[in-house]
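# Examination of the molecular architecture
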Amino acid sequence: PKPIRLVDYRPPDWLVDTVDLDIGLHPTATVIRARLGMRPNPAGREGAPIVLDGDELVLKSLALDGETLAGNAYSVTPSSLTLLAPPQRALTLEIETLLDPSANTKLMGLYRSSGTYCTQCEAEGFRRITYFPDRPDVLAVYTTRIEAEREEAPVLLGNGNKVEEGELPGTTRHFAVWHDPWPKPCYLFALVGGRLDRVGDRFVTATGRDVELGIYVEPGKAARAGYAMDALKRSMRWDEEAFGCEYDLDVFNIVAVADFNMGAMENKGLNIFNDKYVLASPETATDNDYASIEGIIAHEYFHNWTGNRITCRDWFQLCLKEGLTVFRDQEFSADQRSRPVKRIIDVRLLKAYQFTEDAGPLAHPVRPATYREINNFYTATVYEKGAEVVRMLKTLLGSEGFRNGMDLYFERHDGQAATIEDFLACFADATGTDLAQFALWYAQSGTPQLAITGEWNPAERSYRLDVEQSVPPTPGQPDKQPMVIPLALGLVGPSGEDLPLTLADGTSPAGGVLTVDAPRHSFVFRDVAERPVPSLNRGFAAPVRLASNLSSDDLVFLARHDRDPFNRFEAVQTLALGYLIEATQAVRSGRNLPEPAALIAAMGASLADPALDPAFVGQVLTVPSESDIAREIGRDVDPDAVYAARATLRRAVGTALAEPLAGAFERFAAPGPYSPDAASAGRRTLRNTCLSLLAEAGAGEGVARALGLYRAADNMTDRLQSLMTLCHHAPGQRAEVLADFYERFRDDPLVLDKWFGIQSQIPEPGTLDRVRELTGHPAFSLRNPNRVRALIGSFATGNPTQFNRADGAGYDFLADTVLGLDGSNPQLAARLLGALKSWRVLEEGRRGKAEAALRRIAGTAGLSPDVSDIVTRSLA
Ligand code: HT7
Ligand code: ZN
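Bear in mind the structure is a predicted one, so any value in this text is a computation, not a measurement. (Residues numbered from 1 in each chain as written. Chains lettered and ligands numbered in written order. Predicted model: local features only at pLDDT ≥ 70, side-chain atom pairs only at ≥ 80, totals over all residues.)

## A word on the overall build of the protein chain
Applied cut-off: Strands are runs of DSSP state E lasting at least two residues, helices are runs of H or I lasting at least four, and both sets are numbered from the N terminus onward. This radius of gyration counts C-alpha atoms alone. The globule rule is 2.2 Å times how many residues there are, raised to the power 0.38. Buried, partly exposed and exposed are defined by the number of other C-beta atoms within 10 Å of a residue's own C-beta, namely 20 or more, between the two limits, and 12 or fewer respectively, with C-beta atoms placed from the backbone.
Check the secondary structure of the protein chain and you find 26 helices and 31 strands. By the compact-globule yardstick of 29 Å for 876 residues, the protein chain fits well, its C-alpha radius of gyration being 28 Å. The principal-axis extents of the C-alpha atoms in the protein chain amount to approximately 90 × 70 × 60 Å. Counting only residues that meet the buried cut, the protein chain has 52% of its 876 residues in that class.

Given below as structure tokens:
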């Protein structure tokens, strides 16, 4: 297909004001009758035909203002229905289509998940239900009548409020009618029909509106929806308090389904979720699962204002709703939990996924200028970097300026389909700030680099910071302009206190934030009597790569004294990365590995500091991942050498700190029954991190302790972490504990996913064979995306040595899987293929094998647009 370009945007020629749907659910022959109230768009082309999108539809009938249309009045292609010469006035179009939801394996449009009828319309799934102008700038009011066998689908749900329901006399069928008063684009349409259990609650909004809340799950699973409901109510209250956003319908429903391509979907008043992000009990969900549920429930709920009430003009503006809503969910979780730890976790993810994407062939701007397949742009760049851009706006404008800009955005654009320009104009107008250069964050891809040199001048009692910025070339963007980068910093004095920041002209940077907007700056601070250590990019205020002249001693100092917790953590990570890069080189050249004494001392100091939050210490003790190290090395990467260096460091830490690690493991044992709160989860993170280091080092009875923890565990966090530790460091015990785990949870799909995932991540030569064998396990299915991601996705992204086997067998396996999956679920296939995006950083031998696997895919006939787009860009 031809690329779609942002510059070619044209308003729609025809608008749809009302959509009345009458849907007769049937497993293989669902009938959709759509009545569209349409009119010519004054902003469109005069006399234009009506062109509607369609995909895999069977057209049964078509009528205009009640009259069946003659065959020569319209034309149908596999992707469109065109009324060639419609009257240029308001009109009603009636379209009848026929679908087979059971055959819909793409999980887009109307499909069945474990027998439940459900829909997924973002981005372009509504055209798989009926012919429609499937673009987000066509907003309509929907009324949906759903009819089904009562036995098969006693629960019938739609967008908005339920206005009618009843039986069909003399039949076994029943119906419900839902009306959504808020105009919306068709990607927010949803319906559900099935045999589901319900957990109910209510919420009274700030202005006293009573909202009925429902979470619908597979029969027998209602007891596991309590945490999601609690998270929902907390989200609703938080959005009122933090952003003044109140819910606007009488009902808010969530439905959990087992087969879902992504995490969840924010359909108006009827969110549909991957059940992984709804269902939780102490025995089946880890602390991370609980945190994800809280974050995703909040994210989808927050879309009600940022995405639904104000939507996107076109799909290039995806970050308008996604980046902003990720920022909002991150802030929510930071308020519910530890803010510093939440920031550390978010930055780890940002670096792992977005920095990697930005450094490879799939790099694209936060707002892309062109795409071939929009499904491939639900990326870490659009979501996570998009959120960082919003965070920078807040840093630059201050809390009050940011809130004023948001208030103006809600006021000015409610009910509209907006653009990034509209969004930025609200902040510019609310604060009187020129944001023209800042807007480059949306247009230029690549992670900016800051090179910073600091020098203290004792004679002049001044401190100078020389700052240079550059943005690396990325696909289609060889040359870049300088960005606006908020540089949050402090100068930490010898006794650990922040020195006053006074620039040479006597002013102080507001909030300790310097604005870097030119290729080079020199900032001189005066009245600096003693040599400070600069704490740079505090809180990771800007998503940049930083190189500075800080010494190892400076980093150790910051790790102990910086009042910014993020930078205390980051100082240890920087020390660790420096060591790991050197150690990787030493492994490759057969030299002795360096001594990580300073790093171990810094980690030991954190472990010994009773004032620190255990969750924070757990993060400090978590050394950078193999992928982090590979990304920092950036070229000619040998994943085996990276693994060896990292394992050596972990062994050194486990050996040197055996006593305090074992002490912390004992000290932070749970005082009572399991609770998913952040403080309790933090204690478990720390204990399990200690355990894993001890087991790696063969010290402090790590393996015996892990076995004890596995057997006694009353919760999934401890059970899974100890299982992983045993699988990695106690091969003798592996078979027994894996079998035990399987027997305990064989009937629980979400937990079985964890069992598949753990095995695929064992860093041993036998793992690929094991993964292949597991694809033949009776519980494995290519039809369930969670299962595919658990086994094959975790192998490709969570097992660097085995996926990147020197013989290329890991790449071949992935290529076979992608090709095997492409026909049934192209979206999932394309996502899996993303695991090969960093192939160019590999050493020559592996690089050649990865390229061969990509070329084999590229040379296969009949690829989906999804896979074809990823493979083409990966090889470009
Ligand atoms: N807005 C939702 C995106 C989504 C999606 C996109 C393409 C294909 C399937 C999908 N399911 C959900 C989710 C979100 O970001 O909130
Ligand atoms: Zn979203």
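And the narrative resumes.
## Some details on unusual backbone geometry
Cis geometry marks the peptide bond from Glu122 to Ala123; its omega dihedral reads 0 degrees. Residue position: Ala123 is located in the loop between strand S11 (116-120) and strand S12 (140-149). At Asn537, a position not held by glycine, the phi torsion is positive, near 50 degrees. Position of Asn537 among the secondary structure elements: in the loop between strand S30 (533-536) and strand S31 (545-548). Residue classification places Asn537 among the buried positions, given that 24 C-beta atoms sit within 10 Å. Here the phi dihedral of Glu701 falls at roughly 50 degrees; this positive angle occurs in a residue that is not glycine. Mapped onto the elements of the fold, Glu701 is located in the loop between helix H15 (678-697) and helix H16 (702-712).

## Regarding the site of ligand 1
In plain terms, the rule: Any residue whose C-beta atom, as set from the backbone, lies within 6 Å of a molecule or strand is reported as near that molecule or strand. For this classification, the nonpolar set comprises Ala, Val, Leu, Ile, Met, Phe, Trp, Tyr, Cys and Pro, the charged set comprises Asp, Glu, Lys and Arg, and every other residue, Gly included, is treated as polar.
Taken together, 15 residues lie around ligand 1, and Glu122, Asn261, Met262, Met265 and Tyr378 are the ones closest in. Within the residue set of the shell around ligand 1, elements represented by two or more residues are strand S20 (264-265) and helix H2 (287-302). Across the shell around ligand 1, the residue classes tally to five nonpolar, six polar and four charged.

## Notes on the pairing of strand S8 (residues 80-83)
The two faces of the sheet receive side chains in turn, since in a regular strand these alternate between them. This is how the line gets drawn: Pairing between two strands requires that DSSP report at least two bridges joining them.
The two faces of S8 differ: Leu81 and Leu83 on one face are buried, but Ser80 and Thr82 on the other face are not. Sheet analysis places strand S4 (residues 50-53) next to S8, joined by four bridges and oriented antiparallel. Across the sheet, Leu52 pairs through a bridge with Leu81, a residue of S8. Judged from the four bridges that link them, strand S7 (residues 74-77) and S8 form a sheet pairing that is antiparallel. The residue bridging Ser75 from the neighbouring strand is Thr82, located in S8. Linkage of S7 to S8, two consecutive antiparallel strands, is achieved through a turn of two residues.

## Concerning the environment of Val141
Filter applied, for reference: Distance between backbone-placed C-beta atoms decides contact: two residues are in contact if it is within 7 Å.
Following the sequence through the fold, Val141 ends up in strand S12. C-alpha of Val141 to C-alpha of Glu400: the two residues are 259 residues apart in sequence and 35 Å apart in space. Residues contacting Val141, with those up to four places away along its chain left out, are Asp17, Thr18, Asp180, Pro181 and Pro183.

## Remarks on the sheet that holds strand S27 (residues 485-492)
Put simply, the test is: Orientation is described by axes fitted as lines to C-alpha atoms, over the contacting stretch for helices, and by angles from 0 to 180 degrees between their N-to-C directions.
Read across the sheet, three strands follow the order S28-S27-S30 without closing on themselves; strand pairing throughout is antiparallel. For this open sheet the edge positions go to strand S28 (513-516) and S30, each flanked by a neighbour on one side alone. On average, each strand axis in the sheet is tilted by 35 degrees relative to the strand beside it, whichever way the strands run. The sheet contact formed by S27 and S28 spans four bridges and is antiparallel. If you follow Ile485 over to S28, its bridge partner there is Val516.

## Details of the UniProt feature "domain: Aminopeptidase N-like N-terminal" (unreviewed entry) in the protein chain
Short version of the rule: UniProt positions are given in the numbering used here, feature names are shortened, and annotations may be inferred rather than shown by experiment.
Mapped onto the present numbering, the UniProt feature "domain: Aminopeptidase N-like N-terminal" (unreviewed entry) falls on residues 85-188. Helix makes up 0% of residues 85-188 and strand makes up 50%, while its end C-alpha atoms are separated by 30 Å.

## Things to note about the sheet that holds strand S16 (residues 191-194)
Here we have four strands laid out as an open sheet, ordered S10-S11-S16-S13, and antiparallel in their pairing. Of all the strands in the sheet, just strand S10 (109-113) and strand S13 (155-158) have a single pairing partner and so form its edges. Across the sheet, the mean angle separating the axes of adjacent strands is 20 degrees when strand polarity is ignored. Two elements, S10 and S11, share five bridges in a ladder whose sense is antiparallel. Across the sheet, residue Gly109 finds its bridge partner in S11, namely Gln120.

## Details of the domain arrangement of the protein chain
Keep this limit in mind: A domain assignment, automatic or from a database, supplies the domain bounds used here.
What the domain assignment reports for the protein chain is domain 1 (1-195), domain 2 (197-287), domain 3 (312-443), domain 4 (449-542) and domain 5 (746-876). Taking only C-alpha atoms, the centre of domain 3 and the centre of domain 5 are 30 Å apart. Contact with domain 3, which involves nine residues of that partner, is made by 11 residues of domain 5. Of the residues assigned to the side of domain 3 that touches domain 5, the class counts are two nonpolar, four polar and three charged.

## Topic: the pairing of strand S15 (residues 173-184)
Of the pairings in the sheet, the one linking S12 to S15 comprises nine bridges and is antiparallel in character. Note on S15: the bridge partner recorded for Ile146 is Ala176. Pairing of strand S14 (residues 161-167) with S15, which is carried by six bridges, proceeds in the antiparallel orientation. Residue pairing in the sheet places Glu167 in a bridge with His174 of S15. Taking the residues that link successive antiparallel strands as the turn, the S14-S15 hairpin has five residues, and the phi of Gly170 there is positive, at about 80 degrees.

## Details of the nonpolar core
For the record, the criterion: When buried Ala, Val, Leu, Ile, Met, Phe, Trp, Tyr and Cys residues are joined through C-beta atoms within 7 Å, the set is termed a nonpolar core.
Counting 254 residues, the largest nonpolar core has Ala228, Val255, Ile272, Val278 and Ile293 as its most contacted members. Counting residues per element, this core draws most heavily on helix H5 (residues 380-413), which supplies 12 residues. In contact with Ile293, not counting residues within four places along its chain, are Tyr227, Ala228, Ala231, Tyr277, Val278 and Ala280.

## Regarding the packing of helix H3 (residues 318-336) against helix H4 (residues 339-358)
To keep things clear, this is the line we draw: Orientation categories follow fixed angle ranges, with anything under 35 degrees roughly parallel, anything over 145 roughly antiparallel, 65 to 115 roughly perpendicular, and all other angles oblique. It is the rotation of the near helix from the far one that decides the hand of a crossing: anticlockwise by less than a right angle makes it left-handed, clockwise makes it right-handed.
For the pair H3 and H4, the least separation of the axes is 7 Å and the interaxial angle reads 140 degrees. Judged by the angle between their axes, H3 and H4 are oblique. Read as a crossing pair, H3 and H4 show a hand that is right-handed. Packed against H3, whose contacting residues are Gln330, Ser333 and Ala334, the element H4 presents Arg339, Lys342, Arg343 and Asp346 at the interface.

## Remarks on the confidence of the model for the protein chain
Interpreting fine coordinate detail is not advised for predicted regions of low pLDDT. Test applied: Scored from 0 to 100, pLDDT reflects the predictor's confidence in each residue.
Looking at the protein chain as a whole, its pLDDT mean stands at 98, while 100% of the residues score no less than 70. The complex prediction reports pTM at 0.99, with the ipTM value standing at 0.98.

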